[in-house]
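# Inside the fold
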Amino acid sequence: MNIKLIETELDAVTADVNVVFMKKDELESYEHAVILQKAGFKAEQDTTCFLYEKGVLVCGVESKKSDDIRSACSCAMKTLKTSNFKSAKIAILSKSVISALVDGVVLGGYEFNDYKSEPKKAALEEVFLVSNDLDFTKVEEIFANSLIIANATNFTRDIVNKAPQEINPQTLSLVASNLAKENNLECAILQEDDLAKEKMGAMLAVGRASVHGSTLIHLSYKPQNPKKVITLVGKGLTYDSGGLSLKQPTSMVTMKMDKAGACAVLGILKAVSELKLDVEVHGFIGAVENMVGGNAYKPDDVLISRSKTTIEVRNTDAEGRLVLADVLDYAQDKVAADYIFDFATLTGACMIALGQYTTGLMGHSHKLKHDISRAGSDAGEMISSLPFNRHLKKLLKSEIADISNTASKPYGGAITAGMFLDKFIKEENKNKWMHFDIAGTAYTETAWDCNVYGGTGAGVRLMCEFLREIK
Ligand code: BES
Ligand code: ZN
Ligand code: ZN
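Criteria and cut-off values
- Residues numbered from 1 in each chain as written.
- Chains lettered and ligands numbered in written order.
- Predicted model: local features only at pLDDT ≥ 70, side-chain atom pairs only at ≥ 80, totals over all residues.
- Heavy atoms only, no water.
- Helix = DSSP H or I, 4+ residues; strand = E, 2+ residues; numbered from the N terminus.
- Rg over C-alpha atoms; globule rule 2.2 N^0.38 Å.
- Buried < 20%, exposed > 50% of the residue type's maximum accessible area, 1.4 Å probe, protein only.
- Contact = heavy atoms within 4.5 Å.
- Areas by Shrake-Rupley, 256 points an atom, 1.4 Å probe, with all protein chains shown as cover.
- Lys, Arg positive; Asp, Glu negative; His and termini not counted.
- Charge placed at Lys NZ, Arg CZ, Asp CG, Glu CD.
- Near = heavy atom within 4 Å.
- Polar contact = N/O pair within 3.5 Å; in protein donor to acceptor, adjacent residues only side chain to side chain.
- 1 Å grid on protein atoms, 1.4 Å probe; cavity = no way out; pocket = protein on both sides within 12 Å on 5 of 7 lines; lining within 4 Å.
- Sits in = over half its atoms within 2 Å of the grid points.
- Nonpolar A, V, L, I, M, F, W, Y, C, P; charged D, E, K, R; others polar.
- Pairing = 2+ DSSP bridges.
- Axes fitted to C-alpha atoms, helices over the stretch in contact; angles between N-to-C directions.
- Donors = N, O, S within 2.8 Å, 3.2 Å for Na, K, Ca; no water.
- Tetrahedral: all angles 85-135°; square planar, octahedral: opposite > 155°, others 65-115°.
- Phe/Tyr/Trp six-rings, centres within 6.5 Å; stacked < 30°, edge-to-face > 60°.
- Lys NZ or Arg CZ within 6 Å of the ring centre and 35° of its normal.
- Parallel < 35°, antiparallel > 145°, perpendicular 65-115°, else oblique.
- Left-handed = near helix turned anticlockwise from the far one by under 90°.

## Description of the overall build of the protein
What the protein contains, in helices and strands, is 15 helices and 19 strands. The C-alpha atoms of the protein give 23 Å as radius of gyration, which agrees with the globular expectation for 471 residues (23 Å, within 12%). A principal-axis box enclosing the C-alpha atoms of the protein has dimensions of 75 × 50 × 45 Å. Going through the 471 residues of the protein one by one, you find that 59% of them count as buried. A sequence separation of at least 24 residues applies to 77% of the contacts in the protein between residues at least 6 apart. As displayed, the protein offers around 20,100 Å² of accessible surface, 49% of which is attributable to carbon and sulfur atoms. Put simply, the protein has 54 plus and 61 minus side-chain charges, and the middle of one group is 4 Å from the middle of the other.

Here it is in structure tokens:
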């Protein structure tokens, strides 16, 4: 399916279907009001009414603001894909909704068919966004940038959705090095013997029972005179069985998505390099598989991390923080960054705290939290801050090591996980670091907003927006 921008009057464009966004208060004066009324259409947000004979798809919206348009446009795509129409046109109502429309079409129209022996073939071939805005150069620029970001989000989704027999730490490294080749990025991959030389005792322990060697992937995008240097760190658990603290069967299903932080980092690097942003971006990924076996790491083990901090393992299912501890430490030694952001499907507790639709944001700098939240709402991703506090920090105390990998009480589990990571952030970087817990937002089994079943690409749009705004 193709999306095209056309500069002309809407009536001048020939398409099988015209997609119309309609508020409740516009119903009465609409030319086909009588039919809509007969159909019982009330213009509720995310409901559609297909007037087949008129070639019109009416989509209810609460307002004509971006968030409502993005969601309604995604619903339109779902309806269109089940029809036999080949083309659709949508009028661009204002400059501010171009990117919401692109998201609606490209993200809402996404499907993952790699494993279907007979993939559904939608008839829909082309969607035209039509604008007669005088400032068409600006419209074109917004359209092109939005398309790059939406495609990068789908790139992230594709990797998240791939099955764990296909994506393991080694093959994820290949995906990264292919991206590096295509987008002219630098790429270094550390194998287990390199990780041993780096004394990454925490990360290596997590991957020990896997038949696939763990890797640390370092990708970098280096423009000539960057305004800022950014480090991104991604949790790349290509499968999280829980290890010896084995997950319940029902909780284990979907754990191929535990690599979503890493996939988001790859998507962001793809977008940033295609947008040719004036910022230097480093992506560090800890690619590991958490499995069981005779050589598996155990609850009661004490690990010596790269930073020399010793960690008592009390639950092998709290593995993401162990991998990130070493990768964060390595990344801080390798690159003197202005900002350090990590993305991780870190805790079920984050979902309990915020729900499935909101990413948890943790860190020390109020200013940075504020700027990131702004970028999130501009990009259409919901983010909420989960505040650290000294009482929760005490729950990570260990009797025999420097820190325990699990808190002694389950309440506030997303925050205690964030505070565990904080232990590995160097003093001079405290205000440069933010942790994104995307456990709830990275994957969905029911469609919502512009997300369909599977990986959502959480983090990509919000980080691209933040990086685009850097002065
Ligand atoms: N990958 C999981 C977190 C997760 C859970 C992500 C559900 C997405 C959906 C993580 O490694 C994990 O298992 N965390 C434990 C931590 C606990 C043992 C302290 C959890 O959340 O239960
Ligand atoms: Zn786990
Ligand atoms: Zn995990």
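## A few points about the site of ligand 1
By nearness alone, 17 residues border ligand 1, and Lys-247, Asp-258, Asp-317, Glu-319 and Gly-348 come closest of all. Contacts to ligand 1 include Glu-319, whose side-chain N or O atom sits 2.8 Å from an oxygen atom. Gly-348 places a polar main-chain atom, nitrogen or oxygen, 2.8 Å from an oxygen atom of ligand 1. In isolation ligand 1 exposes 510 Å². Once the protein is present, 78% of that is buried. When each cavity is represented as a set of grid points, ligand 1 is found to reside in the largest pocket. Put simply, the parts of the chain that give the shell around ligand 1 at least two residues each are strand S9 (228-240) and helix H11 (348-354). In terms of residue class, the shell around ligand 1 is made up of five nonpolar, five polar and seven charged.

## Quick word on the sheet that holds strand S5 (residues 87-91)
Strand pairing in a sheet takes place through backbone hydrogen bonds and is either antiparallel or parallel in direction. Read across the sheet, six strands follow the order S1-S6-S5-S2-S4-S3 without closing on themselves; strand pairing throughout is mixed. The strands lining the two open edges of the sheet, one partner per strand, are strand S1 (2-7) and strand S3 (48-51). The sheet shows a mean angle of 25° between the axes of neighbouring strands, direction not considered. Where strand S2 (residues 17-22) and S5 come together, three bridges link them in parallel fashion. The residue bridging Val-19 from the neighbouring strand is Ile-90, located in S5. Strand contacts of helix H4 (residues 136-161): S1 and strand S6 (126-131), with the helix running at about 170° to S1, the strand carrying the most contacts.

## Details of the coordination of the zinc ion (ligand 3)
Bound to the zinc ion (ligand 3) on the protein side are Lys-235 (NZ), Asp-240 (OD), Asp-258 (OD) and Glu-319 (OE), at distances that span 1.9 to 2.4 Å. Relative to the metal, the six donor atoms surrounding the zinc ion (ligand 3) lie at angles of 77 to 172°, and the coordination shape comes out octahedral. Linear spacing of the donor residues for the zinc ion (ligand 3) on their chain is K-x4-D-x17-D-x60-E. Since its relative accessible area comes to 3%, Asp-240 is described here as buried. By relative accessible area, Asp-258 is classed as buried at 2%.

## Details of the packing of aromatic side chains
In this structure the tally under the stated criterion is 14 aromatic pairs. Ring geometry for Phe-112 versus Tyr-115: centroids 5.6 Å apart, planes at 70°, classification edge-to-face. Ring geometry for Tyr-339 and Phe-341: centres 5.7 Å apart, planes at 10°, overall stacked. Residue classification places Phe-341 among the buried residues on the basis of a relative accessible area of 0%. Chaining the aromatic ring pairs together yields one cluster made of Tyr-339, Phe-341, Phe-343, Phe-436 and Phe-466. Over the aromatic face of Phe-155 sits the side chain of Lys-270, whose NZ or CZ is 5.3 Å from the ring centroid.

## Some remarks on the packing of helix H2 (residues 66-81) against helix H3 (residues 98-107)
It is at 7 Å that the axes of H2 and H3 come closest, and there the two elements cross at 25°. Classified by the interaxial angle, the pair formed by H2 and H3 is roughly parallel. Viewed along their axes, H2 and H3 form a crossing whose handedness is right-handed. Together, Ser-66, Ile-69, Arg-70, Cys-73, Ser-74 and Met-77 of H2 and Ala-100, Leu-101, Asp-103, Gly-104 and Val-105 of H3 make up the contact between the two elements. For the contact of H2 with H3, the residue count by class is six nonpolar, three polar and two charged.

## Quick notes on the environment of Lys-64
Note on placement: Lys-64 falls in the loop between strand S4 (56-60) and H2. Considered as a pair, Lys-64 and Lys-23 are 41 residues apart in the sequence and their alpha carbons are 7.8 Å apart. If near-sequence neighbours (up to four positions away) are discounted, Lys-64 is found in contact with Phe-21, Lys-23, Glu-26, Ile-69, Leu-93 and Val-97. Polar side-chain contacts of Lys-64 include one of 3.3 Å to the backbone oxygen of Phe-21.

## As for the coordination of the zinc ion (ligand 2)
Coordination of the zinc ion (ligand 2) by the protein is provided by Asp-240 (OD), Asp-317 (O), Asp-317 (OD) and Glu-319 (OE), with metal-donor distances spanning 2.0 to 2.2 Å. Each of the six donor atoms around the zinc ion (ligand 2) contributes to a set of angles spanning 71 to 168°, which defines the coordination as irregular. Counting the intervening residues between successive donors of the zinc ion (ligand 2) yields the motif D-x76-D-x1-E. Here the zinc ion (ligand 2) and the zinc ion (ligand 3) are spaced 3.2 Å apart, and both take Asp-240 as a donor. Of this pair, Asp-240 sits in strand S9 while Glu-319 sits in the loop between strand S12 (310-312) and helix H10 (320-334), and the two are 79 residues apart along the sequence. Accessibility classification places Asp-240 together with Glu-319 in one group, the buried group.

## Observations regarding the sheet that holds strand S17 (residues 433-437)
Read from one edge to the other, the open sheet built from eight strands follows the order S7-S8-S10-S9-S13-S17-S14-S15, with strand pairing classed as mixed. A strand with exactly one partner marks an edge of an open sheet, and here the two such strands are strand S7 (186-190) and strand S15 (382-385). On average, each strand axis in the sheet is tilted by 20° relative to the strand beside it, whichever way the strands run. The pairing of S9 with strand S10 (residues 279-290) spans twelve bridges and is classified as parallel.

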